[in-house]
Amino acid sequence: MHPLEKFRFCPSCGSRQFVENDFKSKRCEECGFVYYANPCAATAALIVNEHNELLAVRRAKEPARGTLDLPGGFCDMDETVEQGMIRELREETGLHVRPEQISYLYSSPNVYQYSGMGIHTLDMDFLIRIDSHTPLHASDDAAECLWIPLNEVNPDDFGLDSIRHAVIRFLRTKGIITY
């Protein structure tokens, strides 16, 4: 289902004449308002320590509750991607990182299933290096924090497709997997 199909009324004037304008927008035939369905910004952190271990979290909530995940999440309004990444890390793991510790890796489009709707996102993946003695505390969306040696990371343990693909892409760059 296209995400705009759920929007039946113009959010500006309330008219029922809210019709498809093109693939990514709807237009109100009453007031002329055009709404674009642009992707939401989302982040994921590939956090590695000096022992070549990856920090994973276990998802505390649906979707994919109980599976592995990377710390991260949606950016809030009036927040940079880096600020969103720093906030999400603090909320989920208790980590306090500085912007200069965050290195951009890559991005990919994604559809995140939430409340019966596909939310289009633009996922941005970052590399962060920390010391293995840095205290961690799982909270918010994370039920558990765990360090996994890079050569033991199984992408199939990550429940969200976009995160699984980010892990595979990362492991390929490290020469750990070749598929």
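Here is a short report on the structure shown in this document. Just so it is clear, the structure is predicted and the values come from calculations on it, not from any experiment.

**Notes on the sheet that holds strand β1 (residues 18–22)**
Read from one edge to the other, the open sheet built from three strands follows the order β1-β2-β3, with strand pairing classed as antiparallel. Every other strand in the sheet has two partners, leaving β1 and β3 (34–36) as the edge strands with one partner each. When the angles between neighbouring strand axes are averaged without regard to direction, this sheet yields 30°. Pairing of strand β2 (residues 25–28) with β3, which is carried by three bridges, proceeds in the antiparallel orientation. Bridge pairing links Lys26 to Tyr35 in β3.

**Things to note about helix α1 (residues 81–93)**
With 13 residues, α1 ought to run about 18 Å at 1.5 Å a step, and its terminal C-alpha atoms sit 18 Å apart, in line with that. Within the span of α1, buried status applies to Val81, Gly84, Met85, Ile86, Arg87, Glu88, Leu89, Glu92 and Thr93. Where α1 is buried, its residues meet β4 (40–48), β5 (53–59), β7 (72–74), β8 (102–114), β9 (117–129) and β10 (142–149). In the segment just after α1, Gly94 is the residue with positive phi, at about 80°.

**Let's talk about the pattern of salt bridges**
Scanning the model with the defined rule gives nine salt bridges in all. Taking the shortest distance from any N to any O, the salt bridge between Glu91 and Arg87 comes out at 3.3 Å. Residue Glu91 and its partner Arg87 are both found in helix α1; the two are separated by four residues, about one turn of the helix. The class for Arg87 is buried, based on a relative accessible area of 12%. Asp161 is paired through a salt bridge with Arg164; the nearest N and O atoms lie 2.6 Å apart. Of this pair, Asp161 and Arg164 both sit in helix α2 (residues 161–173), three residues apart, which is roughly one turn of that helix. Arg164 gets classed as buried once you look at its relative accessible area, which sits at 17%. Among the ionic contacts, a cluster of salt bridges with common partners joins Asp76, Glu79, Arg87, Glu88 and Glu91.

**Some points on the packing of aromatic side chains**
Taken as a whole and judged by the stated rule, the model has four aromatic pairs. Taking 5.6 Å as the distance between ring centres and 35° as the angle between the ring planes, the aromatic pair formed by Phe7 and Tyr35 counts as tilted. Of this pair, Phe7 sits in the segment before β1 while Tyr35 is found in strand β3, placing the two residues 28 residues apart along the sequence. On the basis of relative accessibility, which here comes to 30%, the residue Tyr35 falls in the partly exposed class. Between the aromatic rings of Tyr104 and Phe126, the centroid separation amounts to 5.8 Å while the plane-to-plane angle is 70°, which identifies the pairing as edge-to-face.

**Focus on the environment of Ile177**
Along the chain, the position of Ile177 falls in the segment after α2. Sequence separation between Ile177 and Phe7 is 170 residues, and the spatial gap between their C-alpha atoms is 43 Å. Ignoring sequence-local partners within four residues, the contact set of Ile177 consists of Ile168, Leu171 and Arg172.

Each value, and the rule that gives it
Residues numbered from 1 in each chain as written. Predicted model: local features only at pLDDT ≥ 70, side-chain atom pairs only at ≥ 80, totals over all residues. Heavy atoms only, no water. Pairing = 2+ DSSP bridges. Helix = DSSP H or I, 4+ residues; strand = E, 2+ residues; numbered from the N terminus. Axes fitted to C-alpha atoms, helices over the stretch in contact; angles between N-to-C directions. Expected span 1.5 Å × (residues − 1). Buried < 20%, exposed > 50% of the residue type's maximum accessible area, 1.4 Å probe, protein only. Contact = heavy atoms within 4.5 Å. Salt bridge = Lys/Arg side-chain N within 4 Å of Asp/Glu carboxyl O. Phe/Tyr/Trp six-rings, centres within 6.5 Å; stacked < 30°, edge-to-face > 60°.

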